[in-house]
Amino acid sequence: MSYDIEMKKRNLVVANWKMNPESLEEAKKIFNAIRNSAKGLKNADVIVCPPFTYLQPFSKLDFPKNVFLGAQNVFGETKGAFTGEISAGMVKNLGANFSIVGHSERRAMGETNEIVRKKVQIAFNTNLMPILCIGEKERDKDGNHLEFIKNQIKECLTGLSKKDLVGIHIAYEPIWAIGKSYKEAMSPTDIHETVLFIKKSFGELFGRDTADSLRILYGGSVEAENASEIVRLGNIDGFLVGHASLVPSQFSAILKAADIKK
Ligand code: PGA
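Cut-off values and rules
Residues numbered from 1 in each chain as written. Predicted model: local features only at pLDDT ≥ 70, side-chain atom pairs only at ≥ 80, totals over all residues. Heavy atoms only, no water. Buried < 20%, exposed > 50% of the residue type's maximum accessible area, 1.4 Å probe, protein only. Helix = DSSP H or I, 4+ residues; strand = E, 2+ residues; numbered from the N terminus. Arc of directions from axis to C-beta. Contact = heavy atoms within 4.5 Å. Core = buried A, V, L, I, M, F, W, Y, C linked by side-chain atoms within 4.5 Å. 1 Å grid on protein atoms, 1.4 Å probe; cavity = no way out; pocket = protein on both sides within 12 Å on 5 of 7 lines; lining within 4 Å. Points joined across faces, edges and corners; volume = space filled by probe spheres on them. Nonpolar A, V, L, I, M, F, W, Y, C, P; charged D, E, K, R; others polar. Near = heavy atom within 4 Å. Polar contact = N/O pair within 3.5 Å; in protein donor to acceptor, adjacent residues only side chain to side chain. Areas by Shrake-Rupley, 256 points an atom, 1.4 Å probe, with all protein chains shown as cover. Axes fitted to C-alpha atoms, helices over the stretch in contact; angles between N-to-C directions. Parallel < 35°, antiparallel > 145°, perpendicular 65-115°, else oblique. Left-handed = near helix turned anticlockwise from the far one by under 90°. Salt bridge = Lys/Arg side-chain N within 4 Å of Asp/Glu carboxyl O. Expected span 1.5 Å × (residues − 1).

(A) Summary view of helix α10 (residues 224-233). Considered for burial, the residues of α10 that qualify are N226, A227, I230 and V231. The buried residues of α10 occupy an angular sector of 140° when the element is viewed end-on, so they sit on one face. Check the buried side of α10 and you find it contacts β1 (11-16), α8 (188-206), β7 (215-219), β8 (238-241) and α11 (248-258). One or two residues past the end of α10 sits N235, with phi positive at roughly 65°.

(B) Main features of the nonpolar core. Counting 81 residues, the largest nonpolar core has L157, F202, Y218 and F239 as the members making the most contacts within it. Tallying contributions element by element places α8 first for this core, with six residues. Excluding its chain neighbours within four sequence positions, the residues that come into contact with F239 are L12, V13, V14, L217, Y218, V222, A227, I230, V231 and I254.

(C) Structural view of empty space enclosed by the protein. In this structure the tally under the stated criterion is one cavity of 30 Å³ or more. Computed from the structure, the largest cavity encloses a volume of approximately 50 Å³. Around the largest cavity sit G102, H103, S104, R107, C133, I134, G135, Q152, E173, I175 and I178, which together line it. Contributions of two or more residues to the lining of the largest cavity are made by α4 (104-107) and β5 (129-134). Considered class by class, the residues forming the lining of the largest cavity number four nonpolar, five polar and two charged.

(D) A look at the layout of surface pockets. Approximately 410 Å³ is the volume attributed to the largest pocket. For the largest pocket, the lining is made up of 19 residues, of which K18, M19, Q72, N73 and R106 are closest to its centre.

(E) Quick look at the site of the ligand. The full set close to the ligand counts 13 residues, and K18, H103, G179, S221 and H243 are the nearest of them. With respect to the ligand, the side chain of N16 contributes an N or O atom lying 3.3 Å from an oxygen atom. A distance of 2.7 Å separates an oxygen atom of the ligand from a polar side-chain atom of K18. Coverage of the ligand by the protein chains reaches 99% of its 280 Å² of free accessible surface. For the shell around the ligand, a count of residues per class yields three nonpolar, seven polar and three charged.

(F) Representation of the packing of α10 against α11 in the model. The N-to-C vectors of α10 and α11 enclose an angle of 10°; their axes lie 8 Å apart at closest approach. One element, α10, and the other, α11, form an angle in the roughly parallel class. Between α10 and α11 lies a crossing whose hand is right-handed. Across from A224, E225, A227, S228 and V231 in α10, the residues of α11 making contact are Q250, A253, I254, A257 and A258.

(G) Focus on the pattern of salt bridges. Summed over the entire model, instances satisfying the criterion amount to eleven salt bridges. E111 is the partner of K119 in a salt bridge, and the nearest nitrogen-oxygen pair spans 2.6 Å. With relative accessibility at 3%, the residue K119 sits in the buried group. Overall, E111 belongs to the buried group, its relative accessible area being 9%. In this structure, E204 engages K150 in a salt bridge whose closest nitrogen and oxygen atoms are separated by 2.6 Å. One end of the pair, E204, is in helix α8; the other, K150, is in helix α6 (residues 144-157), with 54 residues separating them in the sequence. Looking at E204, the relative accessible area reads 48%, which means it is partly exposed.

(H) How the structure looks around α8. With 19 residues, α8 should cover 27 Å at 1.5 Å per step; its first-to-last C-alpha distance of 26 Å lies within 8% of that length. The complete set of buried residues in α8 reads P188, I191, T194, V195, F197, I198, S201, F202, G203 and F206. Looking one or two places after α8, you find G207, whose phi comes out positive at around 105°.

(I) Fine view of the packing of α8 against α10. Orientation of α8 relative to α10, taken along the N-to-C sense of each, is 40°, at an axis distance of 9 Å. One way to sum up the angle between α8 and α10 is to call them oblique. For the crossing formed where α8 meets α10, the hand is right-handed. On α10, the residues that touch P188, I191 and H192 of α8 are E229, I230 and L233. Residue composition of the contact of α8 with α10, by class: four nonpolar, one polar and one charged.

(J) View of the environment of P248. Relative to the elements of secondary structure, P248 occurs in helix α11. Residue P248 is classed as partly exposed on the basis of its relative accessible area, which comes to 30%. Separated by 215 residues in sequence, P248 and A33 have C-alpha atoms that sit 6.0 Å apart. Residue contacts for P248: discarding those within four places in its chain leaves I30 and A33.

Now the structure itself:
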């Protein structure tokens, strides 16, 4: 089970379970349901990011070719006296190929762009594909949120080699839209515009050729009800899904919506 370059041509849907569910039994039930829905997909890949404690038992299960394991976070050092932390190497050894990095809920606990940059670098060094989360707390008429987003991209990625930059996935998650209902998610047209802005900024910072390979996911209250419209109009390469990824019927509908030829 390894990351395959062909994945770049398909939509990617990341299930971010956050600190849920409480038991392994429940986790396996949800995972099995996701696995069954994923089996029928032709044009989409799925990354399941459970809490760390479920990575090892999950890695022993059967995986269809388009389902992968990911971590929700890794620490910004490779080893040592860091009580309670988990390294990129540890999760890689448990069968994860991806890691979410810099999620807004981690940033709210004190993670700075500088810390996130270290995590991105360590993930790459460990052969763990990072999914870098960015997004503004609020929007304003003057467009200050756009500068905020550009600065996040700059500070989280400056210093990375071109080779690594080419492999980066960015999850754009406006914080004001996270954990709500589809009615309060960002509109597909606003997503489209912001994705263009992210690509343009990335190109200005790191070169046009690098920007061409950039993959951008949208996250923030993606549910069965709004997924198709965002896929059609949002100019995205997939989703980062929180609460709806724990509800198999919801997640299955989101996967179907993402299963379109690009
Ligand atoms: P949500 O979470 O889908 O529950 O809004 C998304 C995220 O925080 O990754």
